[in-house]
Amino acid sequence: MISLRRIDHVSLRVRDVEEASRRWSAQFGLAVRERDGRRARLACDDEPYCLELLAAEAPGVEHVAYELRRSCTLEEAGRHFEGLGVPYEEHAGGLRVADPEGNRVLVLPYREPRERWVSHARAATDQIVGHPRRLGHVNFLTGRLSEGVEFYTRALGMRITDWLGEGGVWFHINADHHVMALVDKGYSHFHHLAFDVVDIGQMRVALDHLGRHGRWLGWGPVRHGIGGNIASYVRIVEEECFVELYCDMEQLEADHEVRRWPDNRFSSNTWGPLPPRSYFRFDEAAVASERESLEMLGHPLKEEVSS
């Protein structure tokens, strides 16, 4: 069997590593751990890193990495993949596999933490005041939901937390309500990575700061029914994704039973509106619609034309 402990990092492809690392640091309060022309690694708190930026011609997600529990070795994870017939390769000190839509997942061995004290009692390193507490989860849009569920539960050992009707599923590996989610939109795309902030007060400060940098919200602040978290979704045009800032996520009981939520407004946002159509799109028309709030001005977003 395989047993994951936590999400380790997200690796994104960027056109300019120097520019992207300065931007993520200045706008989201991430500390730059290392940087050269090919790669940059940034951290929320005193972890080795939670975000990796890799030089590439086109933006997108390179992989999402998870750390194994102390009780599960990398060799055991490899035998688990072999037993299921899941192809894997050694990569960056771990094992890399791909989900049914080609999204890469890197499984890393357990790493002993630098210190075991609670975060506010540990000696500071190079954290920036106001930084997020940690990378918490990721979300993918999918066109192959049932196959994705099979892969993430059987191959990676994640457990289902909740369903949203028949069109979305949330997975957990520890007490957090979810470490990743899949939402069926008929195609595959990395939707967001999420940073945990202390509370809605820190979120307010962060959003004011991001607004001064020209960022805007695709949706939020909202209070999710599923997960219970307060969340704000910041559009990242450059890497074609969102960053979610969140707090107050539901913590699960050890004997949690899977729930199926009705696919309605309340399940998505107990405070009010569903997201605009642009929230699930990354084309130029969707970005322009959000940036200028065109739908609110009476200009509906047209259907995306497939190429």
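Read on for an overview of the structure. (Residues numbered from 1 in each chain as written. Predicted model: local features only at pLDDT ≥ 70, side-chain atom pairs only at ≥ 80, totals over all residues. Heavy atoms only, no water.)

**Comments concerning the pairing of strand E13 (residues 189-196)**
Walk down a regular strand and you will see the side chains alternate between the two sheet faces.
Next, step 1: Here E13 lies mainly inside the structure; eight of its eight residues are buried.
Next, step 2: Note: strand E9 (residues 134-142) against E13, seven bridges, orientation antiparallel. Residue pairing across strands places Asn139 opposite His192, the latter belonging to E13.
Next, step 3: Here E13 pairs with strand E16 (residues 241-247) via five bridges, running parallel. (Buried < 20%, exposed > 50% of the residue type's maximum accessible area, 1.4 Å probe, protein only. Helix = DSSP H or I, 4+ residues; strand = E, 2+ residues; numbered from the N terminus. Pairing = 2+ DSSP bridges.)

**Let's talk about the sheet that holds E9**
Next, step 1: Spatially, E14-E15-E16-E13-E9-E12-E11-E10-E17 is the arrangement adopted by the nine strands of the open sheet, whose pairing is mixed. Of all the strands in the sheet, just strand E14 (217-223) and strand E17 (259-261) have a single pairing partner and so form its edges. Between one strand and the next, the sheet's axes are offset by a mean angle of 20°, whatever the strand orientation.
Next, step 2: Where strand E10 (residues 159-164) lies against strand E11 (residues 168-172), five bridges are found, and the strand directions are antiparallel. The residue bridging Leu164 from the neighbouring strand is Gly168, located in E11.
Next, step 3: Its contacts with the sheet place helix H1 (residues 17-28) against E13, strand E15 (230-236) and E16, and it is angled at close to 150° to E15. (Axes fitted to C-alpha atoms, helices over the stretch in contact; angles between N-to-C directions. Contact = heavy atoms within 4.5 Å.)

**So, the environment of Glu239**
Next, step 1: Inspection of the secondary structure assignment puts Glu239 in the loop between E15 and E16.
Next, step 2: You can call Glu239 buried: its relative accessible area is 3%.
Next, step 3: Each C-alpha atom of the pair Glu239 and Arg154 lies 30 Å from the other, and the pair is 85 residues apart in sequence.
Next, step 4: Dropping the residues within four chain positions of it, Glu239 is found in contact with Leu12, Arg13, Val14, Arg23, Trp24, Pro59 and Gly60.

**A word on the sheet that holds strand E3 (residues 39-43)**
Next, step 1: Taken together, eight strands build an open sheet; the order of strands is E2-E3-E4-E1-E5-E8-E7-E6 and the sheet is mixed. Every other strand in the sheet has two partners, leaving strand E2 (31-35) and strand E6 (89-91) as the edge strands with one partner each. Recorded for the sheet is a direction-independent mean angle of 30° between the axes of neighbouring strands.
Next, step 2: In this sheet, E3 lies alongside E2 in antiparallel orientation, the contact comprising four bridges. Within the sheet, the bridge partner assigned to Arg35 lies in E3 and is Ala40.
Next, step 3: Packed on one face of the sheet, helix H2 (residues 74-84) meets strand E5 (60-68), strand E7 (94-98) and strand E8 (104-108) and runs near 25° to E7.

**Focus: the packing of aromatic side chains**
Next, step 1: Enumeration over the complete set of coordinates arrives at twelve aromatic pairs.
Next, step 2: Their ring planes at 65° and their centres at 5.9 Å tell us that Phe242 and Phe282 sit as a pair that is edge-to-face. One end of the pair, Phe242, is in strand E16; the other, Phe282, is in the loop between helix H5 (265-268) and helix H6 (284-292), with 40 residues separating them in the sequence. When sorted by exposure, Phe242 lands in the same class as Phe282, which is buried.
Next, step 3: Taken together through their ring pairs, the aromatic side chains of Trp219, Tyr233, Phe242, Tyr279, Phe280 and Phe282 make up a single cluster. (Phe/Tyr/Trp six-rings, centres within 6.5 Å; stacked < 30°, edge-to-face > 60°.)

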